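Structural description and commentary
Spelled out, the chains give:
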2 protein chains.
Amino acid sequence: MATGRTTPASPSPGGASRRTRARGIPDATVARLPLYLRALTALSERSVPTVSSEELATAAGVNSAKLRKDFSYLGSYGTRGVGYDVEYLVYQISRELGLTQDWPVVIVGIGNLGHALANYGGFASRGFRVAALLDADPALAGQTAAGLPVRHMDELEEIIRAEHVSIGVITTPPGAAQQVCDRLVAAGVTSILNFAPTVLSVPEGVDVRKVDLSIELQILAFHEQRKSGEDHLADDGPAVVSRPGAGAKAVAAAAARAVSRARGKAAAAAAAEPGDGDDGDLPAVIPA
Amino acid sequence: MATGRTTPASPSPGGASRRTRARGIPDATVARLPLYLRALTALSERSVPTVSSEELATAAGVNSAKLRKDFSYLGSYGTRGVGYDVEYLVYQISRELGLTQDWPVVIVGIGNLGHALANYGGFASRGFRVAALLDADPALAGQTAAGLPVRHMDELEEIIRAEHVSIGVITTPPGAAQQVCDRLVAAGVTSILNFAPTVLSVPEGVDVRKVDLSIELQILAFHEQRKSGEDHLADDGPAVVSRPGAGAKAVAAAAARAVSRARGKAAAAAAAEPGDGDDGDLPAVIPA
DNA sequence: TGTTGTGAAGTTCTTCACAGCT
DNA sequence: AGCTGTGAAGAACTTCACAACA
């Protein structure tokens, strides 16, 4: 299972393994199960006994045919003419996702983002337990965040083994991410959620998913640009500029250099911390 | 363009519009352009003049055929037998993504996550400028975060209009998200990046992408479960449990109730803030 | 009657493999 | 000789539309 050595990464956020389906649950379906679960949990709290695929789909923000197809991979858990039993579905999806068991996680890199994650309510309420917060900065060690002590990286291996941690969250600067990743994997972690803007290399059998804040914004910018700017790009776009002569390329390259230079400065400023030298994107966290 | 009224949401993070391609750039390709751009920027900083599709693909964590196909949608920017001019490609991709222009953004909800985003280096280095930080808590207003003053929600409309903001980032608790979203949209924002675990309803023409921390972990848990647990689920899975008798359902429902109850408590604790009552997932941010 | 569950059709995305150019 | 650009094949995902069933 899982992807090869260098984890490829699917569309936007994730890069977890393709073709991992146990008895054939499509990845796209797995990615939506948490959505359904959330909607169902809300219904459950309002003591709603049953829902139709139509209602639930609306609550989850998908269309009902997709939802029914998704559920069909799990089994026949509905009742024709009636709908789905909310409690029953909550249980089945929780079980399918593995949320009926306890998942200890470690968070490495306790800056603002690490803090935010440590405090995140969605973790605890889904069977995820923060087993430890780790940071390379000795000044942080001993302090507490979200009621937990921040411990030094030196203790990483020990904690992972003692607590049977199999999921690690990386919220370090990009320059430290691969190194932290390697240590996590060596210590036994087999699933990693990476917030650092870095492509992580992991051995086969280790899943990596990534959350990249900057990428999401760039995708929005792309669409945003199209909304008002049908003009200057419409006839200057892809097909027309293609096959540019050497002259055209030289001019564009000059412009590119200017852009690049500006970017370089920002990157340099951001990457003030040693051991980085990777790329301009750097989450504002204390290096770990 | 964009999706209907209730934004559906694709796989994991995003829910931006399908079929928005201007002159036919696939969504999947758009989602990867930022990845290529990052890899290229790194090369550019190392003054590497050209790259082959193979090298660049490795750096970006994709395969080379996919990369070449992606680039083919932009035009013929490479040189056969040689590769791609790094600077030129940086410029072309930046332009395609709309990063050659300035994108003012507002961040609403200045808790830990809002702070982390305000400090995030990847924003500034890609043409995104934080125009304002907003929060509903009067105690925060006046304080500064990441060098910027936190301003009160009352000023939202004014700021958006004065600064021509078209992109908004929501980092509020879930209960406040839809309301904030409505105000942003009414004031003229047409792209939203949502970190709150809520399905946002927006009018046509508005793009929403979401980043959901809890969902990513749940997807990892699903795969993690399969790694060691081929046993108890292998022959108890989908197909076999399907078509359960009424008895089986009742038993499972009882178990479900226990799970649900535990979850309910966590949710209640997390949702202490008034105006929520939505769902258990609540990022640790000050309500806005 | 109302709603599920699902073959089949349709769409999008990925990968292959090689012609075409430098 | 080497690498891009792309038609064509293949895989994954979505949507349709309706039979099956409570």
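The structure displayed is predicted, hence computed values, not measured ones. The written sequence of each chain sets the order in which its residues are numbered from 1. Here the convention is simple: chains get letters from A, ligands get numbers from 1, in the order in which they are written. With the structure being a predicted model, the display of local features is reserved for residues of pLDDT at least 70 and the display and counting of side-chain atom pairs for 80 or more, all residues being used for whole-chain, interface and lining totals. Only hydrogens and water are removed before side-chain values are computed, so all heavy atoms of the structure are retained for them.

When you go through chain A residue by residue, the secondary structure sums to 12 helices and 10 strands. Every one of the 288 residues in chain A was classed for burial, and the buried ones make up 58%. If you take every contact in chain A between residues at least 6 apart in sequence, the share linking residues at least 24 apart comes to 62%. Each helix is a run of H or I in the DSSP string that is no shorter than four residues. Each strand is a run of E no shorter than two, and both are numbered from the N terminus. Relative accessibility decides the category of a residue: with a 1.4 Å probe and only protein chains considered, values under 20% of the type maximum give buried, values over 50% give exposed, and everything between is partly exposed. Contacts are residue-level and defined by heavy atoms, with any inter-residue pair within 4.5 Å sufficient.

Residue and element names in this part refer to chain B. Pairing between two strands requires that DSSP report at least two bridges joining them. Across the sheet, seven strands lie side by side as E6-E7-E5-E4-E8-E9-E10; this open sheet has mixed pairing. Edge positions in the sheet fall to strand E6 (144-145) and strand E10 (207-210), since each of these pairs with one other strand and no more. When E6 meets strand E7 (residues 148-152), the two strands line up antiparallel, connected through two bridges. The residue bridging Thr144 from the neighbouring strand is Pro149, located in E7. The sheet contacts of helix H5 (residues 112-119) involve strand E4 (103-108), strand E5 (128-135), E6 and strand E8 (167-170), and relative to E4 the element is tilted by about 160 degrees. Note on method: axes are straight lines fitted to C-alpha atoms, helices fitted across the in-contact stretch only, with angles between N-to-C directions ranging 0 to 180 degrees.

Attention shifts here to the packing of helix H9 (residues 213-228) of chain A against helix H4 (residues 86-97) of chain B. Look at H9(A) against H4(B): their axes get within 7 Å of each other, and the N-to-C directions meet at 65 degrees. When the axes of H9(A) and H4(B) are compared, the pair comes out roughly perpendicular. Here Gln218(A), Ala221(A), Phe222(A), Gln225(A) and Arg226(A) of H9(A) lie close against H4(B), whose contacting residues are Arg95(B), Glu96(B) and Leu97(B). The residue classification treats Ala, Val, Leu, Ile, Met, Phe, Trp, Tyr, Cys and Pro as nonpolar and Asp, Glu, Lys and Arg as charged. All others, Gly included, are polar. Residue composition of the contact of H9(A) with H4(B), by class: three nonpolar, two polar and three charged. By the definition adopted for this analysis, an angle is roughly parallel if under 35 degrees, roughly antiparallel if over 145, roughly perpendicular if from 65 to 115, and oblique otherwise.

Once that is clear, we can look at helix H5 (residues 112-119) of chain A. Inspection of H5(A) places Leu113(A), Gly114(A), Ala116(A), Leu117(A) and Ala118(A) among the buried residues, and these make up the whole buried set. Looking at the buried residues of H5(A), the elements they touch are strand E4 (103-108), helix H6 (121-124), strand E5 (128-135) and strand E8 (167-170) of chain A together with H5 and helix H9 (213-228) of chain B.

A word on the packing of helix H2 (residues 53-60) of chain A against helix H3 (residues 64-74) of chain A. All names here are of chain A. Contact pair H2 / H3: the axes reach a minimum separation of 8 Å and the direction vectors enclose 105 degrees. When the axes of H2 and H3 are compared, the pair comes out roughly perpendicular. Where H2 abuts H3, its residues Ser53, Glu54, Leu56 and Ala57 lie against Ser64, Leu67, Arg68 and Phe71. Taken together, the residues of the contact of H2 with H3 sort by class into four nonpolar, two polar and two charged.

Right, let's talk about the pairing of E4(B) for a bit. Moving residue by residue along a regular strand, the side chains alternate between the two faces of the sheet. All names here are of chain B. In terms of residue burial, E4 counts as a mostly covered element, since six of its six residues are buried. Of the two faces of E4, the one carrying Trp103, Val105 and Ile107 and the one carrying Pro104, Val106 and Val108 are both buried. As paired elements, E4 and E5 share six bridges and run parallel to each other. Each residue of the ladder has a partner; that of Val105, found in E5, is Val130.

UniProt positions are given in the numbering used here, feature names are shortened, and annotations may be inferred rather than shown by experiment. UniProt feature "DNA-binding region" (unreviewed entry): in the numbering of this structure it lies at residues 35-74 of chain A. Between the C-alpha atoms that bound residues 35-74 of chain A there is a distance of 15 Å. The span itself is 75% helix and 5% strand.

Moving on: the pattern of salt bridges. Salt bridge, as used here, is a side-chain nitrogen of Lys or Arg placed within 4 Å of a carboxyl oxygen of Asp or Glu. Evaluated as defined, the whole model comprises 20 salt bridges over all chains. Shared partners join several salt bridges into a network, and the residues in it are Asp102(A), Arg129(A) and Glu163(A).

Here the focus is the sheet that holds strand E1 (residues 50-51) of chain A. Residues and elements named next belong to chain A. Strand order in this open sheet of three strands is E1-E3-E2, and the pairing throughout is antiparallel. The strands lining the two open edges of the sheet, one partner per strand, are E1 and strand E2 (78-79). Across two bridges, E1 lies against strand E3 (residues 83-85) in antiparallel orientation. Note that in E3 the partner of Thr50 across the bridge is Asp85. Most of the contacts of helix H4 (residues 86-97) go to E3, to which it runs at about 70 degrees, and overall it touches E1 and E3.

A few words now on the UniProt feature "binding site: NAD(+)" (unreviewed entry) in chain A. Residue and element names in this part refer to chain A. As recorded in UniProt, the feature "binding site: NAD(+)" (unreviewed entry) lies at Gly109, Ile110, Gly111, Asn112, Leu113 and Gly114. Following the sequence through the fold, Leu113 ends up in helix H5. For Leu113, a relative accessible area of 5% corresponds to the buried category. You can see Gly114 is positioned in helix H5.

Before going further, it helps to spend a moment on the nonpolar core. A general feature of soluble globular proteins is that nonpolar side chains tend to end up buried together. Core analysis: the largest hydrophobic core is formed by 110 residues, its most contacted members being Ile93(A) and Ile93(B). Not counting the four nearest positions on each side in its chain, Ile93(A) is found in contact with Leu33(A), Tyr36(A), Leu37(A), Leu40(A), Phe71(A) and Leu74(A). What we call a nonpolar core is a set of buried Ala, Val, Leu, Ile, Met, Phe, Trp, Tyr and Cys residues that are connected through their side-chain atoms within 4.5 Å.

Here the focus is the confidence of the model for chain A. All names here are of chain A. Here pLDDT means the predictor's own confidence in every residue, given as a number from 0 to 100. Scored by pLDDT, chain A comes out at a mean of 79, with 71% of its residues at no less than 70. Below pLDDT 50 for its whole length, residues 1-22 participates in 77 contacts with residues either more than four positions away or in separate chains. For the stretch residues 231-288, pLDDT sits under 50, and the model shows 116 contacts to residues farther than four places along the chain or on other chains.

Moving on: the environment of Asp182(A). With respect to the element layout, Asp182(A) can be found in helix H8 (residues 174-187). On a C-alpha basis, the gap between Asp182(A) and Pro203(A) in space is 9.4 Å, while along the polypeptide they are 21 residues apart.

All names here are of chain A. Geometry of aromatic contacts follows a simple scheme: Phe, Tyr and Trp rings, the Trp one being its six-membered ring, pair when their centres are within 6.5 Å, and the pair is stacked under 30 degrees between planes, edge-to-face over 60, tilted otherwise. Tallied over the full model, the rule gives eight aromatic pairs over all chains. For the ring pair Phe71 and Tyr84, a centre distance of 5.2 Å and an interplane angle of 85 degrees mean the geometry is edge-to-face. One end of the pair, Phe71, is in helix H3; the other, Tyr84, is in strand E3, with 13 residues separating them in the sequence. Residue Phe71 is classed as buried on the basis of its relative accessible area of 2%. Feature note: the residues Tyr36, Phe71 and Tyr84 constitute an aromatic cluster, connected by ring pairs.

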